[in-house]
Amino acid sequence: MLACLLLTAPLVAVAAEGVKLDRLPADVSPHDAISLQRGAHVYVNYCLGCHSAAYMRYERLRDFGLTESQIRDNLIFTGAKVGDLMKIAMDPKESKEWFGAPPPDLTLIARSRASGAGSGADWLYSYLRGFYRDPSRPTGWNNTVFPNVAMPHVLWQLQGEQVLRTEVRAIPRGSKGEVEKHELQRLVLEKPGSMSAAEYDRMVADLVNFLVYMGEPSRQFRIELGIYVLMFLGVMFVFAYLLKKEYWKDVH
Amino acid sequence: MAAAEKQPVAITWAGPLNGALSGLLTWIDQRFPLMSLWRDHLAEYYAPKNFNFWYYFGSLAMFVLVLQIVTGIFLTMHYKPDAAQAFASVEYIMRDVPAGWLIRYLHSTGASFFFIVVYLHMFRGLMYGSYRKPRELVWIIGMAIYLCLMAEAFFGYLLPWGQMSYWGAQVIVNLFDAIPWVGPTLAIWIRGDYVVADATLNRFFAFHVIAIPLLLLALVAAHIMALHEVGSNNPDGVEIKKVKDPKTGHPLDGIPFHPYYTVKDTLGVVVFLIVFGVILFFMPEFGGYFLEYNNFIPADPLKTPPHIAPVWYFTPFYSILRATTEDFMIYLALGVAAYVVLIWRTVADLRVRTAAAAVGAVLIFFMKGPEGLALDPKVWGVALMGVGTLIYFLLPWLDRSPVKSIRYKGPITKTALALFVVSFFVLGYLGTLSVTEGRTLAAQVFTFIYFAFFLLMPWYTRADKTRPEPERVTW
């Protein structure tokens, strides 16, 4: 069991220019309503205590098949109405005192975390799986993707506790038996949590799926509409082309 | 009296409305020059028949201007120019306003495409010598439009009030700080505060939605009026007005703008919309170039992002600014000295030689003069960036080639233009990246090439071997 975990544990090369991000699994689909519902469920249970989603309304969760009463009964833990924005009660001044920085609003986190290294989804997927035990930090936690992050590992009961191990690997180079030494840092799960590694990864993937959705709820519709608009423009192109050709046939 | 002389309008289609419509047109025409405007600018505006691909971008720029104005009006209905509400109001548009996301993406994608089509339009002018006599004013008004467009984009970029909006504006306004003596006061006057703040947002909003658009519309009208006065250039750079049909008096190589170019430009608009649509619907951020990722974080005056880059259309000039370092000043001074020597040795007029030497000496003094008197390299960076945008105004007088079009210009001019395009792209690319030693060196080399294209133009265009222009336009 432990050997299996070691094999699936992500390899991270922590270098000066940043971390190589794991890709969000390709089978995570924005059309998958169950995945999005699960992600929303995780969000309101584990994230929304500290992280508002203040540009997002609860009622928008109907986008992936939830009814108003389902939202009210299962996803709203405060006195908020279904039409309200997903705000939090925490005072940013106080939270700044507690954590060093107020927990950021996460409505757009999947959009703002995109970079040359990968999409925002990749960053989040790597980040939420990158926490490890670090006694030197005030929270006792550190992160491979976000070094010295202020947030403790909120999902630790699910994932368990990882540690960061440094391994020196000798990689043969050239023909005369020369070796190049590579320092590799590897996350190792020391204490398993309530979920298996695969279950945890799937849950994080669903949460990221939801965060991506929340960054731009109209994204799916945008893409669908785009296909129709381009089909229309394709037809229009034919007419415009023929019209131009007809008018220009006498110009020599 | 003039109105009475006008010919009745010829309506070519038959139908019951025929009489009524022609009556209405006559009624209007006796009170407003509708038909003469129609004739002068569309139906009887003769344009060269050999316009190629590069001639789509003028009408496309007009199309994008209208698109930006219309989408801008709708955005203004929900946007709040208030530092506390601006960011949230944009997200409100993206989420809660019906089709708000579409309007917003049309506007944000349109902003980048405005620059794409305008840059291509300007490049067309560079290639075919559209700035040459008698079209100097068309070019100058066009350049004024370009400057307005830059101002419009700069003011508009602050409005979403994201991190890049905020810090980009902070960096650019701080440039004014560098101006000797009046700089700091000027920067505060522009911002309306000691840092970019609510007052800045409000005034930028006023500039973005009222002042600059008014100016833009007026300048575009002037651009077209000036163009239609002198007539369009073409890929051969020859004047179609020289060869006219003796019977009709119309240029033999000209065709009426309407219907020929109206149908052709319609095709252009459809193709444009296809490209535009692919980006708008499938990649509206365009890899962080059209909508910067950092701008999805609300502005935070206390948190400077590690890497501040303007949007892509400003990056060539931003690169020139950053290239002007302390180490670069000596090369800049040497460049000025070499340029003065070149003028001294090739220009016969003693007044020009003396003036060049005097200006050169002053420049060098303030670049590498004694400690305390030489200006901060930052000042020179701002100056170079300014000159880099304004130098286009001089093109009509810098180009001394006997021919207009690149088709008949010689190998030196062609190489110079190619190098210029390369330097524009390289500077643009470098401007999006963070600074390293190698990148700064590259930016410095390409800054020199960028300016050499303009400053050496009077010499290389004259020295170059040109081919004779044809009598009539070719395809």
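Nothing here was measured: the structure is a model prediction, and the numbers come from that model.

Draft legend 1. Fine view of the overall build of chain B. For chain B, the helix and strand inventory stands at 19 helices and 2 strands. Expected size for 475 residues packed as a compact globule is a radius of gyration near 23 Å; at 25 Å, chain B falls within 12% of this value. Across its three principal directions, the C-alpha atoms of chain B cover 80 × 65 × 45 Å. Among the 475 residues that make up chain B, the fraction classed as buried is 37%.

Draft legend 2. Spotlight on the overall build of chain A. The secondary structure content of chain A amounts to 9 helices and 7 strands. The C-alpha radius of gyration computed for chain A amounts to 24 Å, which surpasses the reference 18 Å derived for 252 residues by more than 25%, pointing to a less compact arrangement than a globule. By principal-axis analysis of the C-alpha atoms, chain A measures approximately 80 × 70 × 35 Å. Looking at chain A as a whole, 31% of its 252 residues are labelled buried. Pairs at least 24 residues apart make up 67% of the contacts formed inside chain A by residues separated by at least 6 positions.

Draft legend 3. Region of interest: the interface of chain A and chain B. Between chain A and chain B, the contact holds 25 residues from the first and 25 residues from the second. Only α5 (109-112) and α9 (219-248) of chain A provide two or more residues apiece to the side of chain A that touches chain B. In terms of residue count, α9(A) provides more of the side of chain A that touches chain B than any other element does, 15 residues in total. Its residues placed into classes, the side of chain A that touches chain B shows 17 nonpolar, 5 polar and 3 charged.

Draft legend 4. Layout of the confidence of the model for chain B. Looking at chain B, the pLDDT average stands at 94 and 96% of residues meet or exceed 70. Reported for the predicted complex are a pTM of 0.92 and an ipTM of 0.90.

Draft legend 5. View of the nonpolar core. Formed by 97 residues in total, the largest nonpolar core has its most connected members in B:L60, B:V64 and B:V117. Apart from the residues within four sequence positions on either side, B:V117 is in contact with B:F57, B:L60, B:A61 and B:V64. Of all hydrophobic cores here, the second largest spans 48 residues; its members include A:L24, A:L106, A:L124 and A:L207.

Draft legend 6. Expanded view of helix α17 (residues 411-432) of chain B. All names here are of chain B. Here α17 is 22 residues long and its end C-alpha atoms lie 32 Å apart, about the 32 Å a rise of 1.5 Å per residue gives. Regarding α17, the residues found buried are T413, A416, F420, S423, L427, L430 and G431. Take α17 and look down its axis: the buried residues cluster within an arc of 115°, on one side only. Away from its buried face by more than 90 degrees, α17 exposes P411, T415, A418 and F425. Buried residues along α17 sit in contact with α12 (315-323), α18 (437-455) and α19 (457-463).

Draft legend 7. Examining the environment of A:L211 more closely. All names here are of chain A. With respect to the helices and strands, the residue L211 is situated in helix α8 (residues 197-215). As a C-alpha pair, L211 and Y43 span 168 residues in sequence and 8.5 Å in three-dimensional space. The contact partners of L211, leaving out residues within four places of it in the chain, are L106, I109, A110 and L124.

Draft legend 8. Spatial organisation of the pairing of strand β2 (residues 53-57) of chain A. Residues and elements named next belong to chain A. With 4 of 5 residues buried, β2 is to be regarded as a mostly interior element. Of the strand pairs in this sheet, β2 and strand β3 (residues 85-86) are connected by 2 bridges, and their pairing is antiparallel. Residue pairing in the sheet places R57 in a bridge with L85 of β3.

Draft legend 9. Region of interest: the packing of helix α8 (residues 163-177) of chain B against helix α9 (residues 183-191) of chain B. Relative orientation of the contacting elements α8(B) and α9(B) amounts to 145°, with a least axis distance of 6 Å. Only B:G183, B:P184, B:L186, B:A187, B:I190 and B:R191 of α9(B) make contact with α8(B), whose side of the interface consists of B:V173, B:N174, B:F176 and B:D177.

Draft legend 10. Spotlight on the environment of B:L398. Residues and elements named next belong to chain B. By the secondary structure assignment, L398 is in helix α16 (residues 395-398). Using a count of 18 C-beta atoms within 10 Å as the deciding quantity, one classes L398 as partly exposed. Considered as a pair, L398 and P458 are 60 residues apart in the sequence and their alpha carbons are 5.1 Å apart. Discounting residues that sit within four places of it in the chain, L398 has contacts with F454, M457 and P458.

Draft legend 11. The pairing of strand β6 (residues 160-173) of chain A, seen in detail. All names here are of chain A. Within β6, only 1 of the 14 residues are buried, which leaves the element largely exposed. With 14 bridges connecting them, β6 and strand β7 (residues 178-192) associate as antiparallel partners. Across the sheet, the residue bridging to P172 is V179, located in β7.

Draft legend 12. Focus on α8(B). Residue and element names in this part refer to chain B. Between its terminal C-alpha atoms α8 stretches 21 Å, which fits the 21 Å expected from 15 residues at 1.5 Å a residue. Considered for burial, the residues of α8 that qualify are Q163, M164, S165, Y166, W167, G168, A169, I172 and V173. Summarising the contacts, the buried residues of α8 are in contact with α7 (136-158), α9 and α10 (198-230).

Draft legend 13. Quick look at the confidence of the model for chain A. All names here are of chain A. Here chain A averages 90 in pLDDT, while 93% of its residues score no lower than 70. The least confident element of chain A is helix α1 (residues 2-8), whose mean pLDDT is 39; the most confident is α9, at 98. Of the regions scoring below 50 in pLDDT, residues 1-17 engages in 24 contacts with residues more than four places distant in sequence or in other chains.

Draft legend 14. Spatial organisation of the environment of B:R39. Structurally, B:R39 is set in helix α3 (residues 34-43). By C-beta crowding, B:R39 is classed as partly exposed, having 14 other C-beta atoms within 10 Å.

Draft legend 15. Molecular detail of the packing of α12(B) against helix α15 (residues 377-390) of chain B. Residue and element names in this part refer to chain B. Axis separation between α12 and α15 bottoms out at 7 Å; the angle between their running directions is 150°. As for how α12 packs across α15, the hand of that crossing is right-handed. For the pair α12 and α15, the contacting residues are F317, I320 and L321 in the first and G381, V382, L384, M385, G388 and T389 in the second.

What counts, and where the lines are drawn
Residues numbered from 1 in each chain as written. Chains lettered and ligands numbered in written order. Predicted model: local features only at pLDDT ≥ 70, side-chain atom pairs only at ≥ 80, totals over all residues. Helix = DSSP H or I, 4+ residues; strand = E, 2+ residues; numbered from the N terminus. Rg over C-alpha atoms; globule rule 2.2 N^0.38 Å. Buried ≥ 20, exposed ≤ 12 C-beta atoms within 10 Å, placed from the backbone. Contact = placed C-beta atoms within 7 Å. Nonpolar A, V, L, I, M, F, W, Y, C, P; charged D, E, K, R; others polar. pLDDT = per-residue confidence, 0-100. Core = buried A, V, L, I, M, F, W, Y, C linked by C-beta atoms within 7 Å. Expected span 1.5 Å × (residues − 1). Arc of directions from axis to C-beta. Pairing = 2+ DSSP bridges. Axes fitted to C-alpha atoms, helices over the stretch in contact; angles between N-to-C directions. Left-handed = near helix turned anticlockwise from the far one by under 90°.

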